[in-house]
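Analysis of the macromolecular model
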Amino acid sequence: MKTKLQGKRWEREFESGVLKKWKRKWPYGFDRKTKRPVYSIDTPPPYVNTPVHIGQATTYVLMDMFARFRRMTGNNVLFPLGLDRNGLPIEMAAENKFNVKLTSLPRTKAIGMCKKILEESSLASVDSFFRLGISFNSWKKGTGIGDLYETDSPDYRTLTQETFIDLWNKGIIYEDERANNFCPGCQTTLADAEIDYENRKGSYYHIKFKVKETGEDIVIATTRPELVCTIGMVIYNPGDKRYRHLEGKTAIAPVFGKEVRIKAHPSAEIGKGTGIMMVCSFGDLADIRFFRDMKLEPVISIEKDGTMNKNAGFLQGLTIKDAREKYVKELEKTGLLVKTVPTDKHRVPVCERSKDAIEFISMKELYVKQVEFKSDMKKLARKMNFFAPRSRQILIDWIDSVSIDWPISRRRFYATEIPLWYCRKCGQAVVPPKGRYYKPWLEGPPAGSTGLKNGKCGKCGSSGFRWVERVFDTWFDSSISPLYILKYTRKPEGFFEKHQPCSVRPQGKEIVRTWLYYTVLKDWLLTGRRIFKDVWINYHVVDEKGKKMSKSKGNMIDPKEVLDRFGAEPFRLWTVMEGNLEKTDFRCSFERMEGTGKTLTKLWNVARFISMFPAPKTRPKKLCALDEWILQEVNGIVKHARERYENYDFHNPATRIRNFLWETFASHYVELVKQRAYNENGEFSREEQAAARYTLNTVLDAILLLLSPIVPLITYRIYTDLRGKDNHGLEFPGTDERVAKKRLPFNAKDVMEFNSAVWKAKREKGISLRTEVKSATASEKLKPLEKDLASAHNIRNLKYGKPLKVDV
RNA sequence: GGGCCUGUAGUCUAGUGGUUAUGACGCUGCCCUCACACGGCAGAGGUCCCCGGUUCGAAUCCGGGCGGGCCCACCA
C-alpha cells in the first residue's frame with residue numbers, strides 16, 4: 001500500500017507552495033454578498049518604517065487564529081490589514097535620513113521628505129505577515145470593506161477630519177491657552193499619555209536667598225536654577241520651626257533681585273532638601289497647580305524653541321542648558337552658590353518618543369472634553385468583555401487618573417491637518433463642511449464653512465483667513481480605526497449601523513491608556529455607543545533573558561529570521577504552546593520553537609500512515625468498541641476546543657490536542673487498530689476493517705480541523721492532498737452524538753495501562769513486539785477490546801482478572 | 001509613595017482545597033519495531049518563593065514578608 005503524502009516529514013519549503021496557491025486566488029476576502037454575521041477584528045496598524053518584530057508577529061498570528069476559527073463557525077470575518085503612516089516616527093526617520101530639522105523647513109518640503117521615507121519603507125513588513133499565513137481580507141490598498149488601509153490615505157484622513165468637524169460642531173472640542181507639556185525636540189504639545197519619566201543625572205544647587213526684612217540668608221536647593229527668574233513664592237512647611245519666623249517676610253531672588261513672599265504651605269516637606277523651597281512657574285505640573293491655587297501670575301521664561309525669553313533677563317536667548325550654566329557661574333562669582341550636590345536620581349518627565357525633557361509652556365491648543373465623561377467611560381469599560389478579565393482594571397485605573405482634557409493639536413507635519421482657519425482680523429474660527437480631505441496649508445476655508453458668510457468672515461466681514469500649522473495627535477487618528485473599518489458614514493450605507501459594535505479589539509497592554517481609551521472615548525462621543533464587544537489584551541514577547549525588546553538594547557528579533565530558520569508553522573505552534581499571552585509575557589526561545597515544531601512531523605506522519613487506508617464511502621453501521629472509545633475522546637477535545645477558542649484561548653486546547661494526537665491517538669489507538677486496518681490475514685470481518693478505516697480517517701479529519709486555525713499551512717496541505725478540498729472553508733467540527741451516549745466499561749487509562757504492560761514485558765525480554773505473548777491477564781473492563789488487543793499484541797491466551805499480568 | 005498583576009524541576013507550562021503535582025523542551029541510558037530516529041521506551045531532575053494562619057487536609061484560601069513585571073503619582 002502506498003502513502004499519499006510524499007516525504008517523511010513536513011518541510012519548511014512546503015509553506016511557500018501553499019502560500020503560492022493561496023495567492024493566486026486569495027481565499028480570505030470579505031464576502032460582501034452573504035448574510036452570515038460579520039465578525040470584525042480591529043487590527044492594530046503597525047508602523048511601516050520599522051520592520052515587524054517578533055512580538056507583533058506573535059499577536060498577529062493569534063489574531064489570525066481568531067479570524068480562522070470564526071470563519072469556521074459561520075462568520076463573515078472582517079480582518080483588514082491597516083498600516084500606520086502618520087506621526088513622529090516617520091518624521092524622525094526623515095530627519096535622520098536627510099539630516100535636517102523638519103521645523104526649519106517649509107511645510108510642503110517637510111511633508112515631501114516624509115513621503116520619501118514612506119515610499120522606501122514600502123511593503124517589506126507586510127511580507128512577513130504574508131509568510132506567516134495571516135488571513136487578512138486583502139493585501140491590496142483600497143477603500144472597500146476589508147481592504148488594506150493606510151492612516152494617511154485621503155479617505156482615512158477625510159474621516160479623521162470629519163470626526164473633528166462633528167465634535168467641534170457638537171461643542172466637545174474647544175480651544176484654550178494654558179500651560180502644556182511641550183517637547184522642545186519635537187516642537188509640539190504632548191498629552192499626559194505621551195510622557196515617560198526617567199531618572200537622569202542632575203545636580204541640586206544650593207542657592208542663597210536674602211530675607212529683605214532681617215537680612216539673613218536662607219538656602220534653597222533646586223535642580224532648575226535657571227527658573228529662578230520666574231519665582232512666585234518661597235514656601236516652607238507649617239510645622240517647620242526653623243523657618244516659622246519668616247512667615248510673611250520677603251525673599252530676594254539671587255542675581256535677579258526679584259522679591260517674593262515667604263509663606264508656610266503644606267506642599268513643602270520638612271525633610272526634603274533644605275526644607276524651604278521656591279516655587280517657579282512651570283517647572284512641573286505641581287507648579288502649575290500651585291500658581292493656580294495661590295492666584296499667582298505665572299511668568300513664562302521659556303520659548304517654544306527651548307530658549308529663554310526676555311523674562312529671563314541676562315539669560316535671554318540662551319538654551320535652557322546654557323542658561324543654567326551661565327546662571328550658576330554668576331552665582332559662584334557672587335558667592336551665592338553654597339554647594340552643588342550631584343544626583344543620578346533626578347526624575348524628569350521626558351517625551352516618550354524623542355526622550356527630550358518636557359517643558360511646560362503656555363500655548364493655544366485644541367482640547368477634547370474628557371474630564372466630565374469619566375463616569376461614562378467607566379460604565380463603558382464595564383460593558384466590554386475583557387480577555388483576560390483582569391485587564392479591564394488597566395483601563396479603569398487610567399480613567400481614574402485622567403485629570404485634564406485631551407489636548408489633540410500638535411505642531412508637527414506628517415499627520416492629519418486640523419481643518420480650522422481663523423479670520424485674520426477678528427480671530428473668528430472657521431470650520432469646513434464634511435466631505436473631503438482638506439489641505440489647509442494649501443487652501444483657504446471652502447464655501448459652506450461654518451463661521452463664513454459669502455466667502456467672508458461671518459463676524460467682521462473680513463476676507464483674510466489664516467491657518468495655524470497644527471495637526472492632530474496620532475491617537476486622534478488611530479482612535480477611529482473601528483469606525484473606519486466598519487465604514488462609519490461611508491459606503492455601503494448602513495453597514496456600520498448593522499455591524500457595530502466591532503467584535504474585538506486586540507491590542508497590547510501598554511497602550512490601553514492611549515489606543516483603547518481614546519477609541520472608546522472618541523467613538524462614544526461620536527456615536528453614543530460602546531464601540532467594542534470584546535477587548536483582547538496581550539502581554540509581550542521578551543528576549544531570552546526576560547527583557548523587553550527594543551531597538552536601543554539591540555535585542556530585537558526580526559520574524560524573517562524565524563521564518564527562514566524554522567518556517568511559519570513551528571512559530572505559530574510555538575506561539576500557542578508557549579503560554580497564554582493574555583496572562584504573561586513570554587520569552588523568545590529558538591530552542592523551544594524548534595522543539596514544538598516536532599509536533600508537525602508527528603501530525604504529518606500520522607496523516608501519512610492513515611492515508612494508506614482510504615475511508616469507506618459511508619459510515620459502517622457498526623463500530624468496534626475501540627473505535628467508539630477514540631471517537632468519544634475526540635468529542636471531549638472538540639467540545640473543549642470550541643469553548644476555549646470562543647474565549648480567545650488557543651493555548652489550552654492546543655496543549656490537549658497535541659497530547660491527544662501524540663499519546664492517545666498515535667501511540668495507543670493507532671497501534672491497536674493497525675492489524676484490523678491492514679487485515680492481511682483476514683482475521684477481521686470486512687465490516688470491522690471498514691470501521692477501523694472509517695475511524696482512523698474521521699479522527700484525522702477532526703484533528704486537522706481543530707488545528708486549522710493554529711497551523712493553517714500544514715493542515716491545508718494534508719487536507720487538500722488527502723481530501724481534495726480546502727479545510728479552511730469547512731465547518732468547525734461538532735461532537736459526534738452517535739457515540740457520545742454510548743457507555744463503555746473502560747477508559748483511556750485502562751487501555752494505556754494494558755498496552756504499556758505488554759510493551760514493557762516484551763522489551764524486558766528483549767523480544768520483538770511482533771513475537772507472540774503466551775498469555776496475558778487484562779482487566780475485565782477491557783473485554784470489549786479482546787479481538788483488537790489479542791491481534792495487536794499477538795496474544796495467544798487473553799484472560800481477564802487481576803492483577804494485570806503478561807507472560808512472554 | 002499608590003494601584004494592578006505575578007513567583008510550580010535547567011527552561012517553559014497545566015492545575016487549583018484531598019491519595020505518589022500535568023505536560024513539553026532540554027538532559028542521561030537503551031532500541032534504526034514495516035507512519036514517524038524531528039521516532040520509541042526507560043530514567044534522573046521539584047522545600048509548588050519564604051513565614052505564619054484557616055482546615056481533618058493547602059502548591060491551591062487568608063495575612064505578612066521577599067523577588068519580578070506593568071501602570072500611575074511625585075521630589076527641593
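Predicted, not measured: the structure shown is a model, and the values here were computed from it.

Calculation rules
- Residues numbered from 1 in each chain as written.
- Chains lettered and ligands numbered in written order.
- Predicted model: local features only at pLDDT ≥ 70, side-chain atom pairs only at ≥ 80, totals over all residues.
- Heavy atoms only, no water.
- Salt bridge = Lys/Arg side-chain N within 4 Å of Asp/Glu carboxyl O.
- Helix = DSSP H or I, 4+ residues; strand = E, 2+ residues; numbered from the N terminus.
- Pairing = 2+ DSSP bridges.
- Buried < 20%, exposed > 50% of the residue type's maximum accessible area, 1.4 Å probe, protein only.
- Polar contact = N/O pair within 3.5 Å; in protein donor to acceptor, adjacent residues only side chain to side chain.
- Contact = heavy atoms within 4.5 Å.
- Core = buried A, V, L, I, M, F, W, Y, C linked by side-chain atoms within 4.5 Å.
- Axes fitted to C-alpha atoms, helices over the stretch in contact; angles between N-to-C directions.
- Parallel < 35°, antiparallel > 145°, perpendicular 65-115°, else oblique.
- Nonpolar A, V, L, I, M, F, W, Y, C, P; charged D, E, K, R; others polar.

**Describing the pattern of salt bridges**
Applying the stated rule across the entire model yields 45 salt bridges. A salt bridge links R36 to D31; the nearest nitrogen and oxygen atoms lie 3.5 Å apart. The salt bridge partner of E175 is R470, with a shortest N-O separation of 3.0 Å. In this pair, E175 sits in strand 5 (residues 173-183) while R470 sits in the loop between strand 22 (465-467) and strand 23 (471-472), placing the two residues 295 residues apart along the sequence.

**Quick word on the sheet that holds strand 14 (residues 359-368)**
Pairing between sheet strands relies on hydrogen bonds along the backbone, with the strands arranged either parallel or antiparallel. As summarised here, the arrangement of the four strands in space is 6-5-14-16, forming an open sheet in which the pairing is antiparallel. The two strands at the open ends of the sheet, each matched to only one other strand, are strand 6 (188-190) and strand 16 (406-407). The sheet contact formed by strand 5 and strand 6 spans three bridges and is antiparallel. From the neighbouring strand, C183 faces strand 6, where its bridge partner is T188.

**A closer look at the side chain of S481**
The topology assignment puts S481 in helix 12 (residues 481-485). Take S481: its relative accessible area is 1%, and that puts it in the buried class. A distance of 3.4 Å separates polar atoms of two side chains, one belonging to S481 and the other to R505. Apart from residues no more than four positions distant in its own chain, S481 is found in contact with D42, Y149, Y156, R505 and W515.

**With respect to the nonpolar core**
Counting residues in each nonpolar core, the largest one holds 141 residues, and the members touching the most others are F665 and I710. For this core, the element with the most residues is helix 21 (residues 686-707), which contributes twelve residues. When neighbours within four sequence positions are excluded, F665 is seen to be in contact with V606, I610, I630, F660, V670, L696, V699 and I703. Formed by 59 residues, the second largest nonpolar core is a distinct cluster that contains L420, L486, V520 and L526.

**Observations concerning helix 3 (residues 88-98)**
When helix 3 is considered as a whole, its buried residues turn out to be L88, P89, I90, E91, A94 and E95. In this fold, the buried residues of helix 3 make contact with helix 4 (107-121).

**Digging into the packing of helix 20 (residues 651-678) against helix 25 (residues 786-793)**
Two elements in contact, helix 20 and helix 25, have axes whose closest approach is 8 Å; the angle formed by their N-to-C orientations is 90 degrees. By the angle class used here, helix 20 and helix 25 are roughly perpendicular. Facing helix 20, whose interface residues are E671, L672, Q675 and R676, helix 25 presents D788, L789, S791, A792 and H793. A breakdown of the residues in the contact of helix 20 with helix 25 according to their chemical character gives three nonpolar, three polar and three charged.

**Here we look at the pairing of strand 5**
Of the strand pairs in this sheet, strand 5 and strand 14 are connected by ten bridges, and their pairing is antiparallel. By the bridge assignment for strand 14, N181 is matched with F360. Hairpin connection between strand 5 and strand 6: a loop of four residues separates the two successive antiparallel strands, and Q187 in this loop has a positive phi of roughly 60 degrees.

**Looking at the sheet that holds strand 30 (residues 805-807)**
The sheet built from three strands is open, its strands ordered 29-28-30 with mixed pairing. What marks the edges here is a single partner per strand, and that holds for strand 29 (795-800) and strand 30. Averaged over all neighbouring strand pairs, the angle between strand axes comes to 10 degrees, with direction disregarded. With three bridges connecting them, strand 28 (residues 773-778) and strand 30 associate as antiparallel partners. Residue pairing for strand 30: T777 is matched across the bridge by K805. Lying over the sheet, helix 24 (residues 748-765) contacts strand 28, strand 29 and strand 30, oriented at roughly 150 degrees with respect to strand 28.

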